[in-house]
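# Observations on chain architecture
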Amino acid sequence: MSPTSLSNAVLAVTDETFEREVLQHDKPVLVDFWAQWCPPCHMIAPVLAEIAEERAGSLAIRKLNNDENPLVARNYQVMSLPTLMLFRDGVVVRTIVGARAKARLLAELDEALEQ
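Anyway, here's the lowdown on the structure attached to this text.

About the cut-offs
- Residues numbered from 1 in each chain as written.
- Predicted model: local features only at pLDDT ≥ 70, side-chain atom pairs only at ≥ 80, totals over all residues.
- Heavy atoms only, no water.
- Pairing = 2+ DSSP bridges.
- Helix = DSSP H or I, 4+ residues; strand = E, 2+ residues; numbered from the N terminus.
- Axes fitted to C-alpha atoms, helices over the stretch in contact; angles between N-to-C directions.
- Buried < 20%, exposed > 50% of the residue type's maximum accessible area, 1.4 Å probe, protein only.
- Right-handed = clockwise from strand over helix to strand, strands pointing away.

### Focus: the pairing of strand β5 (residues 91-97)
Where strand β4 (residues 83-88) and β5 come together, six bridges link them in antiparallel fashion. Bridging across to β5, Leu-86 finds its partner in Arg-94. Linking β4 to β5, which pair antiparallel, is a turn of two residues; within it Asp-89 sits at a positive phi near 55 degrees.

### Remarks on the sheet that holds strand β1 (residues 10-13)
Strands sit in the order β1-β3-β2-β4-β5 across an open sheet of five strands; the sheet is mixed. Each edge of the open sheet is held by one strand with a lone partner, namely β1 and β5. Averaged over all neighbouring strand pairs, the angle between strand axes comes to 25 degrees, with direction disregarded. Bridge count for strand β2 (residues 29-34) against strand β3 (residues 60-65) is six bridges, and the pairing is parallel. In the strand pairing of β3, Asp-32 is matched with Lys-63.

### Examining the pairing of β2
Across the six residues that make up β2, a large majority, six, are buried. The two faces of β2 match: Val-29, Val-31 and Phe-33 on one face and Leu-30, Asp-32 and Trp-34 on the other face are all buried. Viewed along the sheet, the connection from β2 through helix α2 (residues 39-54) into β3 turns out right-handed. Relative to β4, β2 runs antiparallel, the two being bridged by five bridges. Across the sheet, the residue bridging to Leu-30 is Leu-86, located in β4.

Rendered as structure tokens:
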């Protein structure tokens with residue numbers, strides 16, 4: 001699955017929708033900052049889709065195309081892709097740079113959410 005063909009559980013956000021879809025969300029949100037030209041971004045996309053479906057009741061996953069939405073990326077100082085940022089109550093609680101295997105990513109997310 002490419003980042004452009006999002007699963008039903010992974011929604012795209014933009015500079016305009018970021019505040020509503022991420023910062024004001026009622027549950028934790030993992031934001032995937034990606035770009036079409038980024039091979040690791042394409043590698044992690046199916047992993048994120050699986051996690052989104054498995055954790056739909058407790059975690060929202062959103063994707064933000066870094067090239068098309070530079071304001072949010074600049075505001076959060078995203079320098080490498082993919083960058084995953086976990087937001088809780090509008091605050092970044094964990095930043096993960098680079099692709100991860102599903103088990104490792106879930107372990108990092110669970111650790112961050114337990115704090």
